[in-house]
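Architecture at a glance
Here are the chains, one letter per residue:
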Amino acid sequence: MKFGVFWMNTDEGIDPLELARETEGLGLESVFVPDHSHVPVNRGTSWANTSDTVKLTDRDDLGEAATSDMPRDFHRNRDQLLTLTAMATVTSTLRVGTGICLVVQRDPIYLAKEIATLDQMSQGRLLFGVGVASPWNREEIRNHGTDPRTRMKLMAERMAAMQEIWTNDQAQYHGDFVDFDPIYSWPKPFQKPRPPVFVGGDHPNALDRVLAYGDGWMPGHHDDSGLFRARVAELQERAAEAGRGRMEITVTLAHLDSLDEYKAAGADRVLVMLPTGQERKVLKEVAEAASRF
């Protein structure tokens, strides 16, 4: 089981380049950072407890709560892809990951180029976590011109369009939300045919999205280990039936006291949160835990 960290990438925490070097130096596999362009001042959707599986307000490692009920870290994070590119340039083995990239908020032609460029510059060390954005994110989604009600179909089309761009010299895509005639777009990803895609989410339909356009699943920690084990087994069974091969499982917001349960369920990677201001302390704890696996 591989060990990595998830970090909110705020301007109030450790320097990201220092974090990348230290994470690699401790022998950990990866660093993942989130993707939030902004937080609307006026929000009509509560951030707290919007998932039946991951109780966000129970997490004391997501940063000090802000007045909008969303933790301060969400207001302060740097650009995801620029940060990961910088991290890749100061390391040689560390894998860099999007945790997750909000594809429904990004132009797919630009995003295809950005992801391919990052994968090239890291020489194939990118892990591409993707998602459709959570229900508490509606205002941010709308500010990017996306209707939250149709984001699932939009996501599928943007993923398919990027796959066309990555794998064809002359790429085209014609859908309801994404539509373009043949284009040239380089570079192509270092990893072939693309960086591994990990689909985030704990919704009952999340496994459908994994099988539709992913190479693995990226759920959060499950308090019910039996349910988690059953969902992993369901995914692997469905993948085999579809001729997809084994799906890689990455647990984010992982608990260090649940590592044996993750391993028993078939997890391939765990990502432990580094709280802002406590990065070095928790980083050492993760490295110590990793040494026992």
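Coordinates for the structure precede this section.
Residues numbered from 1 in each chain as written. Predicted model: local features only at pLDDT ≥ 70, side-chain atom pairs only at ≥ 80, totals over all residues. Heavy atoms only, no water.

1. Side note on the pattern of salt bridges
Pairs can form between side chains of opposite charge whenever their charged atoms are close. Across all of its chains, the model carries 17 salt bridges by this definition. A salt bridge links Asp-268 to Arg-246, with the nearest nitrogen and oxygen atoms 3.0 Å apart. On the criterion of sequence distance, the pair formed by Asp-268 in the loop between α9 (259–265) and β10 (269–274) and Arg-246 in the loop between α8 (225–241) and β9 (248–251) is long-range, its members being 22 residues apart. Accessibility expressed as a relative area gives 17% for Asp-268, which makes it buried. Take Arg-246: its relative accessible area is 51%, and that puts it in the exposed class. (Salt bridge = Lys/Arg side-chain N within 4 Å of Asp/Glu carboxyl O. Helix = DSSP H or I, 4+ residues; strand = E, 2+ residues; numbered from the N terminus. Buried < 20%, exposed > 50% of the residue type's maximum accessible area, 1.4 Å probe, protein only.)

2. Remarks on the environment of Met-273
Mapped onto the elements, Met-273 comes out in strand β10. Note on Met-273: relative accessible area 2%, which makes it buried. Spatially, the C-alpha atom of Met-273 lies 8.6 Å from that of His-255, the residues being 18 residues apart in sequence.

3. Here's the deal with empty space enclosed by the protein
Scanning all chains against the criterion turns up one cavity of 30 Å³ or more. Of the volumes computed, that of the largest cavity is approximately 40 Å³. Every residue lining the largest cavity is listed: Val-39, Pro-40, Arg-43, Met-70, Trp-136, Asn-137, Arg-138, Glu-139 and Glu-140. Classifying every residue of the lining of the largest cavity by side-chain character gives four nonpolar, one polar and four charged. (1 Å grid on protein atoms, 1.4 Å probe; cavity = no way out; pocket = protein on both sides within 12 Å on 5 of 7 lines; lining within 4 Å. Points joined across faces, edges and corners; volume = space filled by probe spheres on them. Nonpolar A, V, L, I, M, F, W, Y, C, P; charged D, E, K, R; others polar.)

4. Re the packing of helix α1 (residues 16–25) against helix α3 (residues 80–89)
Where α1 meets α3, the closest approach of the two axes is 9 Å, and the angle between their N-to-C directions is 50°. It follows from the interaxial angle that α1 and α3 lie oblique. The chirality of how α1 crosses α3 is right-handed. Residues Pro-16, Leu-17, Leu-19 and Ala-20 of α1 form the contact with α3, whose participating residues are Thr-83, Ala-86 and Met-87. Here the contact of α1 with α3 is composed, by residue class, of six nonpolar, one polar and no charged. (Axes fitted to C-alpha atoms, helices over the stretch in contact; angles between N-to-C directions. Parallel < 35°, antiparallel > 145°, perpendicular 65-115°, else oblique. Left-handed = near helix turned anticlockwise from the far one by under 90°. Contact = heavy atoms within 4.5 Å.)

5. Some details on the packing of aromatic side chains
All told, the structure shown has five aromatic pairs when counted by the stated rule. For the pair Phe-128 and Trp-166, a centre-to-centre distance of 6.2 Å together with 75° between the ring planes defines the contact as edge-to-face. In this pair, Phe-128 sits in strand β4 (residues 126–131) while Trp-166 sits in helix α6 (residues 151–167), placing the two residues 38 residues apart along the sequence. The buried category is assigned to Trp-166, whose relative accessible area is 4%. Grouping aromatic residues by their ring pairs yields a cluster made of Trp-217, Phe-228 and Tyr-262. (Phe/Tyr/Trp six-rings, centres within 6.5 Å; stacked < 30°, edge-to-face > 60°.)

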